[in-house]
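Analysis of the macromolecular model
Each chain is listed here by its residues.
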Amino acid sequence: EQVLAALRSTLDAEVALEEVRGPVWQGVEIRNLSIRKDGQEVVAFARGTISVNVLEQVLAALRTASLNIAHVTITDPIVRLVQDPTTGWNVAHLVKAADQSPVQQPTPLPLNVLLPRITVENGQVFARLADGREVQVSGLALDAALSLLPSGLQAEVKTLLFSVSSQGLPAMQGSAGL
């Protein structure tokens with residue numbers, strides 16, 4: 001319920017999930033997450049896991065004010081992107097707008113949030129462009145790292161594999177690493 005409440009308070013969308021199980025210190029598993037906007041499913045995945053190495057986390061918190069999430073895995077994610085010529089991409093409207101006060105300066109993140117291993121397995125992206133063309137990315141695999149630091153976001157893509165297809169174009173396969 002806490003995971004669902006946190007997602008619902010952050011997202012301007014309907015959020016449903018089948019199950020969250022496991023204690024945080026041993027690893028949490030999320031099953032069948034669905035995020036819908038205006039009745040259309042935008043993001044879904046069959047299984048996600050979040051692992052924290054408790055001893056490493058305690059030591060990191062004491063030494064460096066860091067939250068170290070050892071491994072995040074997302075299995076069979078599906079993202080459905082729709083581009084509207086006026087309002088832009090549907091995913092841009094999923095997060096609730098923050099309260100803006102004209103004088104308030106952005107406060108730097110007081111701690112480091114480290115995600116040294118993010119894995120996406122068998123992802124799919126379906127995109128419908130504003131002109132009606134459709135593009136499908138399938139077989140998406142990602143091995144990456146992400147750090148949210150007081151100075152900003154740092155990302156490293158170790159491996160990215162995918163296939164792209166669209167009507168009227170030859171199918172393509174790609175791989176990358178940054």
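One can find the structure itself at the top, above this paragraph.
First things first, this report covers the structure right here in the doc.

Conventions adopted
Residues numbered from 1 in each chain as written. Predicted model: local features only at pLDDT ≥ 70, side-chain atom pairs only at ≥ 80, totals over all residues. Heavy atoms only, no water. Helix = DSSP H or I, 4+ residues; strand = E, 2+ residues; numbered from the N terminus. Buried < 20%, exposed > 50% of the residue type's maximum accessible area, 1.4 Å probe, protein only. Contact = heavy atoms within 4.5 Å. Areas by Shrake-Rupley, 256 points an atom, 1.4 Å probe, with all protein chains shown as cover. Salt bridge = Lys/Arg side-chain N within 4 Å of Asp/Glu carboxyl O. Pairing = 2+ DSSP bridges. Core = buried A, V, L, I, M, F, W, Y, C linked by side-chain atoms within 4.5 Å. Patch = residues over 30% accessible without salt bridge, like charges linked within 9 Å, V, L, I, M, F, W, Y side chains within 5 Å.

Turning our attention to the overall build of the protein chain. Along its length, the protein chain carries two helices and eleven strands. Going residue by residue from the N terminus, the α and β elements of the protein chain occur as α-β-β-β-α-β-β-β-β-β-β-β-β. The buried share of the protein chain, taken over its 178 residues, is 27%. Within the protein chain, counting contacts between residues at least 6 apart in sequence, those at least 24 apart form 48% of the total. Entry remark: accessible area of the protein chain is about 11500 Å², with carbon and sulfur atoms responsible for 58%.

So, about the pattern of salt bridges. Under the definition given, this model contains eight salt bridges. Close ionic contact of lysine 37 with aspartate 12 constitutes a salt bridge, the shortest N to O distance being 2.9 Å. With a gap of 25 residues between them, lysine 37 in strand β2 (residues 28-37) and aspartate 12 in the loop between α1 (2-10) and β1 (14-21) connect regions that are remote in the sequence. Two residues, arginine 47 and glutamate 29, come together in a salt bridge whose shortest N-O distance is 2.9 Å. With arginine 47 in strand β3 (residues 40-51) and glutamate 29 in strand β2, this residue pair connects regions lying 18 residues apart in the sequence.

Here we come to the pairing of β3. One face of the sheet, then the other: side chains in a regular strand alternate in exactly this way. Where β2 lies against β3, nine bridges are found, and the strand directions are antiparallel. Bridged to arginine 31 within β3 is arginine 47. Here β2 folds back onto β3 in antiparallel fashion, the turn holding two residues, of which aspartate 38 has a positive phi close to 55°.

Another aspect to go through is the pairing of β2. Burial runs high along β2: seven of the ten residues are buried. Note that β1 and β2 share seven bridges and pair antiparallel. Looking across to β2, one finds that alanine 16 is bridged to serine 34. Counted between consecutive antiparallel strands, the loop separating β1 from β2 contains six residues, among which glycine 22 sits at a positive phi close to 100°.

Generally speaking, soluble globular proteins have nonpolar side chains that are buried together. Leu4, Leu11, Ala13, Val15, Leu17, Val28, Ile30, Leu33, Ile35, Val42, Phe45 and Leu94 form the largest nonpolar core, which has twelve residues in total. Where this core is concerned, the elements lending two or more residues are β1, β2 and β3. Of all the elements, β2 adds the most residues to this core, at four residues. Beyond its immediate sequence surroundings of up to four residues, leucine 94 is in contact with Thr10, Leu11, Asp12, Ala13, Ile35, Lys37, Val42 and Val43. Of all hydrophobic cores here, the second largest spans five residues; its members include Ile69, Val113, Leu115 and Ile118.

Below, the discussion takes up a nonpolar patch on the surface. Taken together, the side chains of Val24, Trp25 and Val54 present a nonpolar region at the surface, about 320 Å² in accessible area. Taking the relative accessible area as the measure of exposure, tryptophan 25 reaches 55% and is therefore exposed.

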